[in-house]
Amino acid sequence: MNLTISVSATDYPEGVAYTLDREGASMCRFNDSGNMAAIGTTDGSILLMDIDTKGFACELVGHVAPVTSLSWEHGGRFLLSGSKDWNCILWDTHNSMGNAKEKVLRFASPVLSAAIYPGHSQTQIQMIVCCLSQYPYLITVERTPKGIWSEDRGFLVELEEGAVDITGSPEYAQTTACAYDKTGKYIFLGNAKGIVTVVENDTRKVICQFRPSGSASIRGFQFSPDNLLLAVNSADKNLRSYFLEKILASSATQTIEPDFKYFDSIDQNRWAQCVFSPNSKYFVGGSAAKNSHKIYIWEQETGALSKLLEIQKDNLLDLAWHPKLPILMSVSSAGTINIWTVKISENWSAFAPDFRELDENVEYEEMEDEFDMVCSLFYF
């Protein structure tokens, strides 16, 4: 009979379990299975971290400038990375021959954001890429029977014959963030003017545009695991989340008030990153304040602050939540990778019902004859 000897009263991280050091670490992403995490660095290398062994499994070398984007495909095999060296690289993390670099995509300016289609395929992969002062690209790479990847590249927005070239407008050339929703049916683009554009993936038509309250630049998107909520991280002091069906029902460009808003009412900090918990119960924001490493955990529905995690005074650069477990990973400007987990209280009484746990040391009073040895003498 197996008995549980550990008890946790919460389902969100409460403290740092262990740390890893890598100079220049700047961003992190878990794969969908949660057994591996990719760590991007400022020198261009990418580290694959094994969650089970709590160490680095290998290093992917290909970029020569800081990594700006990491995106896993659904199967957890292929990893797409973008960098300021004007390249995107598709990696095969299951390649046992030591050469994980599958395809290098070259662009005319630094890559700001890149996302891989959430579906799973070994031979065909779709991705979107946003570069500095360029229109967003929709790219499909396909592996031929000879093992060579062919490339089909075009602008994301499909234009009808005679239509106005909306991709020529500054709002498309200033795209700063891109993401697929969980189904891959819709593509979300954010620009430096604070406008979010929704494009249907199959038809490549613009479904709607909206502006979150405020005109700050869009820094990134996060979708809840159930694909009901969209969180928008802007360059202001608020994190906003919206019901996805509400956004898709809008038409002309308009300002949409968020269904949920999260902010730091005391320090009024900006945010480096935001994520949802695997069960969508919690919403997490990482503060971008200087000399601060704070992680705020709110209840998603009520907005009540459940926990504030804080450690050393190094800037928080990025964070990610494990896709299945209450584990957070955060990266600091000092190159420290922190793994946050729940605090486990050991229940030793599970071994013996009469076991009594002590809160503090107790001085034991020995009985007079407790340890005396009694010898019997036999005479023959």
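For the structure itself, consult the block above.
This section reports on the structure supplied with the text. Everything numeric here is computed off the predicted structure, so don't read it as measured data.

### Looking at unusual backbone geometry
Part 1 of the argument: Even without being glycine, Lys 54 reaches a positive phi, approximately 60°.
Part 2 of the argument: The residue Lys 54 is located in the loop between strand S5 (46-50) and strand S6 (55-60) in this model.
Part 3 of the argument: Given the relative accessible area of 48%, Lys 54 is considered partly exposed.
Part 4 of the argument: With phi around 65°, Ser 280 is a residue other than glycine that occupies positive phi space.
Part 5 of the argument: Examined against the element boundaries, Ser 280 turns out to sit in the loop between strand S24 (271-276) and strand S25 (282-287).

### A short note on the sheet that holds strand S17 (residues 196-200)
Part 1 of the argument: The mixed open sheet is built from 5 strands, whose spatial order is S15-S16-S17-S18-S22. In the strand order of this sheet, the two ends are held by strand S15 (175-180) and strand S22 (254-256), each with one partner. Pairwise comparison of adjacent strand axes, ignoring direction, gives a mean angle of 30° for this sheet.
Part 2 of the argument: Bridging between S15 and strand S16 (residues 186-191) involves 5 bridges; their strand directions are antiparallel. Bridge assignment links Ala 177 to a residue of S16, and that residue is Gly 190.

### Examining the side chain of Arg 240
Part 1 of the argument: Here Arg 240 is to be found in strand S21 (residues 239-243).
Part 2 of the argument: On the basis of relative accessibility, which here comes to 3%, the residue Arg 240 falls in the buried class.
Part 3 of the argument: One polar contact links Arg 240 to Asp 236, side chain to side chain, over a distance of 2.8 Å.

### Remarks on the environment of Ile 218
Part 1 of the argument: One can find Ile 218 in strand S19 (residues 218-223).
Part 2 of the argument: For Ile 218, a relative accessible area of 2% corresponds to the buried category.
Part 3 of the argument: On a C-alpha basis, the gap between Ile 218 and Cys 178 in space is 9.5 Å, while along the polypeptide they are 40 residues apart.
Part 4 of the argument: When sequence neighbours within four positions are dropped, the list of residues in contact with Ile 218 reads Thr 176, Ala 177, Gly 190, Asn 191, Gly 194, Ile 195, Val 196, Pro 212, Val 232, Asn 233 and Ser 234.

### Describing the pattern of salt bridges
Part 1 of the argument: Evaluation of the coordinates by the stated rule reveals 11 salt bridges.
Part 2 of the argument: As a salt-bridge pair, Arg 22 and Glu 59 come within 3.3 Å of each other at their nearest N and O atoms. Of the two residues, Arg 22 sits in the loop between strand S2 (15-21) and strand S3 (25-30) while Glu 59 sits in strand S6, which places them 37 residues apart along the sequence.
Part 3 of the argument: According to the relative accessible area criterion, Arg 22 is buried, its value standing at 17%.
Part 4 of the argument: Here Asp 318 makes a salt bridge to Arg 29, at a shortest N to O gap of 2.6 Å. Of the two residues, Asp 318 sits in strand S28 (residues 316-321) while Arg 29 sits in strand S3, which places them 289 residues apart along the sequence.

### With respect to the packing of aromatic side chains
Part 1 of the argument: Summed over the entire model, instances satisfying the criterion amount to 17 aromatic pairs.
Part 2 of the argument: A cation over an aromatic ring shows up here: Arg 153 above the ring of Tyr 137, its NZ or CZ 5.7 Å from the ring centre.

### What about a negative patch on the surface?
Part 1 of the argument: Where like charges cluster on the molecular surface, the negative patch consists of Glu 366, Glu 368, Asp 369 and Glu 370.
Part 2 of the argument: Within the fold, Glu 366 resides in the segment after strand S31 (345-346).

### Observations concerning the sheet that holds strand S14 (residues 149-155)
Part 1 of the argument: Read across the sheet, 4 strands follow the order S11-S12-S13-S14 without closing on themselves; strand pairing throughout is antiparallel. One side of each edge strand has no neighbouring strand; the edge strands of this open sheet are strand S11 (111-116) and S14. Within this sheet the neighbouring strands show an average axis-to-axis angle of 20°, counted without direction.
Part 2 of the argument: Where strand S12 (residues 124-131) and strand S13 (residues 137-143) come together, 6 bridges link them in antiparallel fashion. By the bridge assignment, Met 127 is partnered in S13 with Ile 139.

### Quick look at the side chain of Asp 85
Part 1 of the argument: Turning to its location among the elements, Asp 85 is positioned in the loop between strand S8 (78-83) and strand S9 (87-92).
Part 2 of the argument: Buried charge Asp 85 goes without a salt bridge, the closest partner of opposite sign being Arg 106 at 5.7 Å.
Part 3 of the argument: A polar atom in the side chain of Asp 85 sits 3.1 Å from the backbone nitrogen of Val 64.
Part 4 of the argument: There is a polar contact of 3.1 Å between the side chain of Asp 85 and the backbone nitrogen of Asn 87.
Part 5 of the argument: In this structure, Asp 85 is in contact with Gly 62, His 63, Val 64, Ala 65 and Arg 106, ignoring residues within four places of it in sequence.

### Things to note about the pairing of S16
Part 1 of the argument: Burial within S16 is extensive, with 6 of its 6 residues counted as buried.
Part 2 of the argument: Side chains of S16 alternate between two faces, with Tyr 186, Phe 188 and Gly 190 and Ile 187, Leu 189 and Asn 191 buried alike.
Part 3 of the argument: Connecting S15 to the next strand, S16, in antiparallel fashion are 5 residues, including Gly 184 with a positive phi near 80°.
Part 4 of the argument: Taken together, the 5 bridges between S16 and S17 define a ladder with antiparallel strand orientation. When the bridges of S17 are listed, Tyr 186 appears paired with Glu 200.
Part 5 of the argument: Linking S16 back to S17 in an antiparallel pair, the connection comprises 4 residues, with Gly 194 at a positive phi of about 85°.

Quick notes on the rules
- Residues numbered from 1 in each chain as written.
- Predicted model: local features only at pLDDT ≥ 70, side-chain atom pairs only at ≥ 80, totals over all residues.
- Heavy atoms only, no water.
- Helix = DSSP H or I, 4+ residues; strand = E, 2+ residues; numbered from the N terminus.
- Buried < 20%, exposed > 50% of the residue type's maximum accessible area, 1.4 Å probe, protein only.
- Pairing = 2+ DSSP bridges.
- Axes fitted to C-alpha atoms, helices over the stretch in contact; angles between N-to-C directions.
- Polar contact = N/O pair within 3.5 Å; in protein donor to acceptor, adjacent residues only side chain to side chain.
- Contact = heavy atoms within 4.5 Å.
- Salt bridge = Lys/Arg side-chain N within 4 Å of Asp/Glu carboxyl O.
- Phe/Tyr/Trp six-rings, centres within 6.5 Å; stacked < 30°, edge-to-face > 60°.
- Lys NZ or Arg CZ within 6 Å of the ring centre and 35° of its normal.
- Patch = residues over 30% accessible without salt bridge, like charges linked within 9 Å, V, L, I, M, F, W, Y side chains within 5 Å.
- Areas by Shrake-Rupley, 256 points an atom, 1.4 Å probe, with all protein chains shown as cover.
- Lys, Arg positive; Asp, Glu negative; His and termini not counted.
- Charge placed at Lys NZ, Arg CZ, Asp CG, Glu CD.

None of the figures reported here should be taken as evidence of function without further support.
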